[in-house]
Amino acid sequence: MASSPTDRTDRMDPGEHLRRRWHDAVLALRNADAATEPGTAIALPPDPAPYADNLLARWAEPQRRYHTTEHLAAVLDRIDELAGHAAEPDVVRLAAWFHDAVYRPDRSENEERSAALAERALPELGIDAEHTAEVARLVRLTVTHDPAEGDSNGEVLCDADLAVLAGSPEQYAAYAAAVREEFGFVPDEAFRAGRADVLRQLLALPRLFRTPEGHDRWERLARRNLTTELDLLTA
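Residues numbered from 1 in each chain as written. Predicted model: local features only at pLDDT ≥ 70, side-chain atom pairs only at ≥ 80, totals over all residues. Heavy atoms only, no water.

In this section: the environment of G15. In this fold, G15 is placed in helix α2 (residues 14-36). On the basis of relative accessibility, which here comes to 22%, the residue G15 falls in the partly exposed class. Separated by 102 residues in sequence, G15 and L117 have C-alpha atoms that sit 21 Å apart. (Helix = DSSP H or I, 4+ residues; strand = E, 2+ residues; numbered from the N terminus. Buried < 20%, exposed > 50% of the residue type's maximum accessible area, 1.4 Å probe, protein only.)

Tracing the backbone through its elements, the reader meets D100 in the loop between α5 (89-98) and α6 (110-124). Despite its burial, D100 pairs with no opposite charge; the closest candidate is R64, at 6.0 Å N-O. Engagement of the side chain of D100 in a polar contact is seen with the side chain of H99, the distance being 3.0 Å. Beyond its immediate stretch of four places on either side in the chain, D100 contacts W59, R64, H67, H71 and S114. (Lys, Arg positive; Asp, Glu negative; His and termini not counted. Salt bridge = Lys/Arg side-chain N within 4 Å of Asp/Glu carboxyl O. Polar contact = N/O pair within 3.5 Å; in protein donor to acceptor, adjacent residues only side chain to side chain. Contact = heavy atoms within 4.5 Å.)

Okay, unusual backbone geometry next. For H145, which is not glycine, the phi dihedral falls at a positive 55°. Note that H145 resides in the loop between α7 (129-141) and α8 (152-162).

For T211, the position within the fold is in the loop between α10 (188-204) and α11 (212-234). Taking the relative accessible area as the measure of exposure, T211 reaches 1% and is therefore buried.

With that out of the way, let us pick up the layout of surface pockets. Considered as a void within the structure, the largest pocket measures approximately 990 Å³ in volume. Together, 32 residues line the largest pocket, and H67, E111, F183, R195 and V198 are the ones closest to its centre. Among the elements that line the lining of the largest pocket, the one with the most residues is α10, at six residues. Classifying every residue of the lining of the largest pocket by side-chain character gives 15 nonpolar, nine polar and eight charged. (1 Å grid on protein atoms, 1.4 Å probe; cavity = no way out; pocket = protein on both sides within 12 Å on 5 of 7 lines; lining within 4 Å. Points joined across faces, edges and corners; volume = space filled by probe spheres on them. Nonpolar A, V, L, I, M, F, W, Y, C, P; charged D, E, K, R; others polar.)

See below:
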């Protein structure tokens, strides 16, 4: 019996599966852009594959313990689950690829540098100025995870990025430990104080998750996990 497309996808290694997802999102936006300007002659844009390789190499850098290709894949999975809420799901998917593409735990401008990378790479790939600007805006939004009301693209990206907070106690503990490893150069007392500030800022948000599905699925669990970690840090 011939294998189904789903069977073949299941057998892909994680890197190959991520490359396929990148390719599909880039081509979807190229096709959308072409549909808005029928009959316009443009140069054939480059193959998306080398750009995927570059991004995956960035996500696999040795200083990363949490912000890894596994995190990228998890965010893309959550975006797929919430895609019906987004105005432009493929724009959100590309924003996920770039949102931590530049990541140094000892620097504060990671999101800005990641957005700038998107602003350079996407026009080379044949993505129009409007979609490029939206990807960059979404990347910058992950500084605060606080999208404006009605910003459906931002709501989906931020919910997908924060969904890790709603894991089981074991999953959340593994996430928190990976974050601590990324900041291994920070002394314990300073890390506890800084991390506690981050947790308080998150808990102060009226809603951690802005999409209806994300709020229903993850809000209660995430707040429980954040509160537990904060209690442990400040005990």
